[in-house]
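# Coordinates in review
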Amino acid sequence: MNTTQKVDAAEPAAKVVQQASQFKRWGRKHPFMRYGLPLISLTVFGAVGLAHLIQGSKEVTKEKEDIEWEVVETTKALSRTGPVEGAYKPKKLSLEEELKALQQKVDINSYDYKRIPRPNEK
C-alpha cells in the first residue's frame with residue numbers, strides 16, 4: 001500500500017512540474033500575456049481603485065461641509081445664498097469714523113527709531 005501512495009504522491013508533483021513548464025513556454029511564446037497583460041490590468045484596476053477612493057473622500061468632505069453649514073445657519077442665521085431675512089443686521093460704518101478711531105489709537109507724530117539686527121549679528 002505504501003508503493004501506491006508514493007506513486008499517487010509523485011503523480012501530482014509531476015503534473016505541477018508539467019503545468020509550470022507549459023506556463024513558462026506559454027510566456028515565452030506570447031510575451032504580451034506574461035508582461036503586457038499584467039501591466040495593463042494593474043494600471044486599469046489601479047485607476048479604478050483610486051477613482052473609488054477619491055470619490056469616497058469627496059463624499060466625506062461634502063458631508064462635513066453640509067454639517068458645518070447647518071451649524072452656521074443655526075447660530076449665525078446665514079444660508080448658502082446669503083443672510084436670512086431679519087436675522088443679520090450689520091452695523092452702519094463709515095470710513096471717516098474708522099479713520100478717526102484708528103488715528104486716536106496710533107500717534108504717528110511721536111515714534112522711536114529702532115534698529116533691527118541683521119541675521120548674522122547677535
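What you see is a predicted model; the values in this text were computed from it and never measured. (Residues numbered from 1 in each chain as written. Predicted model: local features only at pLDDT ≥ 70, side-chain atom pairs only at ≥ 80, totals over all residues. Heavy atoms only, no water.)

Scanning the protein chain from terminus to terminus reveals three helices and two strands. Along its sequence from the N terminus, the protein chain presents helices and strands in the succession α-α-β-β-α. In the protein chain, which comprises 122 residues, the share counted as buried stands at 3%. Working note: accessible area of the protein chain is about 12300 Å², and carbon and sulfur atoms make up 61% of it. (Helix = DSSP H or I, 4+ residues; strand = E, 2+ residues; numbered from the N terminus. Buried < 20%, exposed > 50% of the residue type's maximum accessible area, 1.4 Å probe, protein only. Areas by Shrake-Rupley, 256 points an atom, 1.4 Å probe, with all protein chains shown as cover.)

Applying the stated criterion across every chain yields a total of one salt bridge. Among the salt bridges present, the one from Asp-66 reaches Lys-62, with a minimum N-O distance of 3.3 Å. One end of the pair, Asp-66, and the other, Lys-62, are both in helix α2 (residues 31-76), four residues apart, so they sit about a helical turn from each other. A relative accessible area of 23% means that Asp-66 is categorised as partly exposed. (Salt bridge = Lys/Arg side-chain N within 4 Å of Asp/Glu carboxyl O.)

Moving on: a positive patch on the surface. A surface patch of like charges, here positive, comprises Lys-24, Arg-25, Arg-28, Lys-29 and Arg-34. For the positive patch, the element with the highest residue contribution is helix α1 (residues 2-29), accounting for four residues. Looking at where Arg-34 falls in the secondary structure, it is placed in helix α2. (Patch = residues over 30% accessible without salt bridge, like charges linked within 9 Å, V, L, I, M, F, W, Y side chains within 5 Å. Lys, Arg positive; Asp, Glu negative; His and termini not counted. Charge placed at Lys NZ, Arg CZ, Asp CG, Glu CD.)

Taken together, the side chains of Phe-32, Met-33, Leu-37, Ile-40, Val-44, Phe-45 and Val-48 present a nonpolar region at the surface, about 670 Å² in accessible area. Topologically, Val-48 is positioned in helix α2.

Below, the discussion takes up the confidence of the model for the protein chain. Mean pLDDT over the protein chain works out to 80, with 76% of the residues at or above the 70 mark. For the protein chain, strand β1 (residues 78-79) is the element with the lowest average pLDDT, namely 64, and helix α3 (residues 95-105) is the one with the highest, namely 90. (pLDDT = per-residue confidence, 0-100.)

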